[in-house]
Amino acid sequence: MSSKLSFLWLQAFVAVARSGSLQDAATRSGLSTSTLSSHLQKLEAHLGAPLFDHAKRPLTLTANGHRFLQHAEALLQRVLQAESEMLEDDVAAIRRLRLGLIDDFDTDVAPELTLELARLLPNCAFEHFSRPSHEILQLLTDRRIEAGVATIPGEGLAGLEQRALLRDPYVVVVPAGEPCPDFSAPRHDLPFLRYSSEQHIGRQIEAQLNRLRIQLPQRMSAESNQALMAMVAAGQGWAVSTATCFNRAKTLWPGLSLHPFPRAQFAREIALITVPGSASILAEMLESMLRTLIRTRTLEPAVAQVPFLEDHFVMLNNDLS
């Protein structure tokens, strides 16, 4: 057996093993399927044993594959940890940062954060991703980014580390001057407008309505916060949203009114999430920058516009486990 086992082969193997598909692994890793396939072939030749049952779709690990996966993941984790420890005393030494930011912060937080990171990390290859929360969590799970800001899902964050940032309360958004809708007697002339069920925000809202046994007719759903807010501002309906989403729609504020959620108020929690092995000095720097920007660019303007938010729309202590 040759002693020259390639680190790239291990990365390719783990990526394919996690996804069960060469195509999915290629999309997530940024490599071509032919490159991944070549790495796998060389690894299996090096080991002298098949790691996948290549006749099955999706690809299935063999018994040897399952055993080798545990060692490969542990080795990759050790390398990440070693890199992290080398950076602990010097954030300027960081050479790569891939950061995902919830798209609710696109306008107010992302521009200044990106500029400040470029200033502080002059030797860093920096990639910024703007996505809804569920996509950021997938990028983190796939190790395609080192850090992300997203909503904490109800099922938790197994295998990821988190630092609490913001409590973002759910509110009722209506056309300017309209009262809070009566959930038990929906109006046909002012229907309920939903966020897409593909998003965490849409699922959390629907889960709360179901818990309260509130059934509202389906009129329209949208992934775009701005589209939903524009519909409300135009008098086409009302929505359950969050304070952060309301703040993002500043240009539409003249056409919008906000009310507290009338029954069993609830909120989402937004956190800075990092993959295990990331340098703690990097997480600390990001947390400090994000807290300042979120407070001054998101929280304070929204509370100034809608005073009832003051006790509900708040920064969180970093005490999440």
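Keep in mind that what you see is a predicted model, and the values were worked out from it rather than measured.

A. Fine view of the overall build of the protein chain. The helix and strand inventory of the protein chain stands at 10 helices and 12 strands. Taking all 321 residues of the protein chain together, 48% fall into the buried category. Here the contacts in the protein chain between residues at least 6 apart in sequence split such that 76% fall between residues at least 24 apart. Surface exposure of the protein chain reaches about 15700 Å², of which carbon and sulfur atoms provide 51%.

B. Spotlight on unusual backbone geometry. The peptide bond linking Arg-57 to Pro-58 adopts the cis configuration, its omega dihedral lying at 0°. Of note in this structure, Arg-143 is not a glycine but carries a positive phi near 60°. By the secondary structure assignment, Arg-143 is in the loop between α6 (133-141) and β5 (147-151). Look at Arg-213: it is not a glycine, yet its phi comes out positive at around 55°. When you line up the elements, Arg-213 lands in the loop between α7 (200-211) and β8 (220-222).

C. Highlighting the side chain of Asp-103. Counting through the fold element by element, Asp-103 comes out in the loop between β3 (96-102) and α5 (110-120). Among residues more than four places away in sequence, those in contact with Asp-103 are Ser-130, Arg-131, Pro-132 and Arg-248.

D. Inspection of the nonpolar core at higher detail. One finds Phe-105, Leu-117, Val-149, Leu-166, Trp-238, Leu-290 and Leu-309 to be the most contacted residues of the largest nonpolar core, which totals 79 residues. Tallying contributions element by element places helix α10 (residues 280-305) first for this core, with 11 residues. Within the second largest apolar cluster, 20 residues are counted, among which are Ala-12, Ala-25, Leu-40 and Leu-51.

E. Layout of the packing of helix α1 (residues 7-19) against helix α3 (residues 33-47). Remark: α1 packs on α3, axes separated minimally by 8 Å, with the N-to-C direction vectors making an angle of 110°. Considering the angle they form, α1 stands roughly perpendicular to α3. Where α1 approaches α3, its residues Leu-8, Trp-9, Leu-10, Ala-12, Phe-13 and Val-16 are matched on the opposing element by Leu-36, His-39, Leu-40, Lys-42, Leu-43 and His-46. Its residues placed into classes, the contact of α1 with α3 shows 9 nonpolar, 2 polar and 1 charged.

F. Quick peek at the packing of α5 against α10. The geometry of α5 relative to α10 is characterised by a closest axis approach of 10 Å and an angle of 150° between their N-to-C directions. Taken together, α5 and α10 sit at an angle that is classed as roughly antiparallel. Crossing geometry of α5 relative to α10 is assigned as right-handed. Facing Glu-112, Leu-113, Glu-116, Leu-117 and Leu-120 of α5, the residues of α10 in contact are Met-285, Leu-286, Met-289, Leu-290, Leu-293 and Arg-297. Across the contact of α5 with α10, the residue classes tally to 8 nonpolar, no polar and 3 charged.

G. Representation of α10. The end-to-end C-alpha distance of α10 is 36 Å, a good match for the 38 Å that 26 residues give at a rise of 1.5 Å each. Of all the bends found along α10, the most pronounced is centred on Arg-295 and spans about 40°.

H. Fine view of the side chain of Glu-287. Within the fold, Glu-287 resides in helix α10. Residue Glu-287 is classed as buried on the basis of its relative accessible area, which comes to 10%. Looking at Glu-287, its side chain comes within polar contact range of the side chain of Arg-163, at 2.8 Å. The contacts of Glu-287, once residues within four sequence positions are left out, are Arg-163, Ala-164, Leu-165, Leu-272 and Asn-318.

Thresholds, definitions, all that
- Residues numbered from 1 in each chain as written.
- Predicted model: local features only at pLDDT ≥ 70, side-chain atom pairs only at ≥ 80, totals over all residues.
- Heavy atoms only, no water.
- Helix = DSSP H or I, 4+ residues; strand = E, 2+ residues; numbered from the N terminus.
- Buried < 20%, exposed > 50% of the residue type's maximum accessible area, 1.4 Å probe, protein only.
- Contact = heavy atoms within 4.5 Å.
- Areas by Shrake-Rupley, 256 points an atom, 1.4 Å probe, with all protein chains shown as cover.
- Core = buried A, V, L, I, M, F, W, Y, C linked by side-chain atoms within 4.5 Å.
- Axes fitted to C-alpha atoms, helices over the stretch in contact; angles between N-to-C directions.
- Parallel < 35°, antiparallel > 145°, perpendicular 65-115°, else oblique.
- Nonpolar A, V, L, I, M, F, W, Y, C, P; charged D, E, K, R; others polar.
- Left-handed = near helix turned anticlockwise from the far one by under 90°.
- Expected span 1.5 Å × (residues − 1).
- Bend = angle between axes of the 7 residues up to and from the residue.
- Polar contact = N/O pair within 3.5 Å; in protein donor to acceptor, adjacent residues only side chain to side chain.

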